[in-house]
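Geometric and topological summary
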Amino acid sequence: MDLHSAIRLIASRFQYKKDDNRLIDSWSVMRDQDGKFIGDCEDFSLTVFWYMSNQSLFKFLFNLFVLHKYALIWCKAKNGELHFVGRYGDLYFDNWTFAALPKEEFFRRTGHKKIVQMFMPLCIAQMIKGWLKR
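Summarised in this report is the structure supplied together with it. On a predicted model such as this, the values are computed, not experimentally measured, just so you know.

Considering the pattern of salt bridges
For side chains of opposite charge, pairing can occur when their charged atoms come near one another. A complete count under the given rule lists 2 salt bridges for this structure. Ionic pairing is found between R13 and D32, a salt bridge with its closest N-O pair at 3.2 Å. Of this pair, R13 sits in the loop between α1 (3-12) and β1 (14-16) while D32 is found in strand β2 (residues 32-33), placing the two residues 19 residues apart along the sequence. We classify R13 as partly exposed; its relative accessible area is 26%. The class of D32 is partly exposed, set by a relative accessible area of 41%.

Listed below in structure tokens is the structure:
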């Protein structure tokens, strides 16, 4: 599945839910729950990546950790909150825009300020917490 199709699929059924505890924030690929994908910003991006990987664990992990095709960018949103956005190639997206845009246009439109690109191997710990939390 291409990036734009994956974003449309997830966005059409996405319901935002803030993590209950920021200290033990867990990341996960959202599962379809009664026709909805429920999660927050990094869950949105990871789920888009999951569908781009044709829901294959091997492809997902390989693209995330070996080829580095997918990335999470830690930002400060214009409302002051910390926020993660997804990056695939030169395109950026998040659960606010529901669109894949070039870097300059994305940051101009959203008002986000890039802090740093997430070191994706550290993502493993967050995803393990998400798996254990289920």
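Some words on the nonpolar core
In terms of nonpolar packing, the biggest core is built from 30 residues, with F44, L46, V48 and F49 touching the most fellow members. For this core, the elements supplying multiple residues, two or more each, are α1, α2 (41-52), α3 (57-66), β4 (70-76) and α5 (120-133). Counting residues per element, this core draws most heavily on α2, which supplies 8 residues. Setting aside residues up to four positions removed in sequence, L46 forms contacts with W27, S28, V29, F60, L72, C123 and M127. If you look at the next biggest cluster of nonpolar residues, it comprises 8 residues, including A71, I73, L101 and F107.

Notes on the sheet that holds strand β6 (residues 91-93)
Spatially, the 5 strands line up as an open sheet ordered β7-β6-β5-β4-β8, and their pairing is antiparallel. Two strands close off the open sheet at either side, each with one partner strand: β7 (101-102) and β8 (113-117). In the sheet, β4 pairs with β8 via 4 bridges, with the strands oriented antiparallel. Bridged to I73 within β8 is Q117.

Here is what the cut-offs are and how they apply
- Residues numbered from 1 in each chain as written.
- Predicted model: local features only at pLDDT ≥ 70, side-chain atom pairs only at ≥ 80, totals over all residues.
- Heavy atoms only, no water.
- Salt bridge = Lys/Arg side-chain N within 4 Å of Asp/Glu carboxyl O.
- Helix = DSSP H or I, 4+ residues; strand = E, 2+ residues; numbered from the N terminus.
- Buried < 20%, exposed > 50% of the residue type's maximum accessible area, 1.4 Å probe, protein only.
- Core = buried A, V, L, I, M, F, W, Y, C linked by side-chain atoms within 4.5 Å.
- Contact = heavy atoms within 4.5 Å.
- Pairing = 2+ DSSP bridges.

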